[in-house]
Amino acid sequence: MSNNEKNHIVSYVQNLWIWIALLSLTLITVAIAGIDFDKLTVVVALTVASVKAVIVAAYFMHLRFDNKVLAIMNLVVLLIFTVFIVITLIDYSYR
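Quick caveat: nothing in here was measured; it's all calculated off a predicted structure. By convention here, each chain's residues receive numbers from 1 onward along its written sequence. Local features in this predicted model are restricted to residues of pLDDT 70 or higher, and side-chain atom pairs are both shown and tallied only at a pLDDT of 80 or more, whereas totals for entire chains, interfaces and linings draw on every residue. Working from all heavy atoms in the structure, the side-chain values ignore hydrogens and water.

Caption draft 1: Broad picture of the pattern of salt bridges. Basic side-chain nitrogens of Lys or Arg form a salt bridge, by our definition, when they fall within 4 Å of a carboxyl oxygen of Asp or Glu. Per the stated rule, a full pass over the model turns up one salt bridge. For Arg-95, the salt bridge identified is with Asp-91, shortest N-O distance 2.8 Å. Of the residues examined, Arg-95 reaches a relative accessible area of 75% and is grouped as exposed. Think of it in three bands: residues with accessible area under 20% of the maximum for their type are buried, residues over 50% are exposed, and the middle band is partly exposed, with areas taken using a 1.4 Å probe on protein chains only. Judged by relative accessible area, which is 40%, Asp-91 ranks as partly exposed.

Pasting the structure below:
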């Protein structure tokens, strides 16, 4: 690590809140599996999974603390992924 880089320390309280958020979203995912949303089931499940992925990327992959260029690049990838998922869901809904 060079001298001009800053270290970041995440508190235990913040890690606890992240854990609670991820645990809550996991419980929501399990609850969604038992509910029939008809054609929206996949959309709801992917939305919850995407929120969990953003939380993991932001805190455990340290994107929240990294250079803004890396965060922008990840957002572009997420946008492209979202476009492909939407196209797939549109194709799936017309079968």
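Let's pick the thread back up.
Caption draft 2: Region of the structure containing helix H1 (residues 12–33). A rise of 1.5 Å per residue sets the reference length of H1, with its 22 residues, at 32 Å; its end C-alpha atoms lie 31 Å apart and thus fit the reference within 8%. For H1, the complete set of buried residues consists of Ile-18, Leu-22, Leu-25 and Ile-32. End-on, the buried residues of H1 take up no more than an arc of 80 degrees, which puts them together on one face. Turned more than 90 degrees off the buried face of H1, the exposed positions are Tyr-12, Val-13, Trp-19, Leu-27 and Val-30. Each helix is a run of DSSP H or I of at least 4 residues and each strand a run of E of at least 2, with the numbering of both proceeding from the N terminus. A helix is expected to span 1.5 Å for every residue after the first. Arc definition: it is the arc formed by the directions from the helix axis to the C-beta atoms.

Caption draft 3: Representation of helix H2 (residues 41–59) within the structure. End to end, H2 covers 28 Å across 19 residues, agreeing with the expected 27 Å (1.5 Å per residue, within 8%). Within H2, the full set of buried residues consists of Val-48, Ile-55, Ala-57 and Ala-58. Taken together, the buried residues of H2 touch H1. Note on contacts: a residue pair qualifies if any of its non-hydrogen atoms lie within 4.5 Å across the two residues.

Caption draft 4: Structural view of the nonpolar core. As used in this record, nonpolar core signifies buried Ala, Val, Leu, Ile, Met, Phe, Trp, Tyr and Cys residues forming a set joined through side-chain atoms within 4.5 Å. Of all hydrophobic cores here, the largest spans six residues; its members are Ile-18, Leu-22, Leu-25, Ile-32, Val-48 and Ile-55. Elements that contribute at least two residues to this core include exactly H1 and H2. It is H1 that contributes the most residues to this core, four residues altogether.

Caption draft 5: Quick look at the environment of Asp-66. Summarising the element assignment, Asp-66 is placed in the loop between H2 and helix H3 (68–93). Spatially, the C-alpha atom of Asp-66 lies 9.7 Å from that of His-8, the residues being 58 residues apart in sequence.

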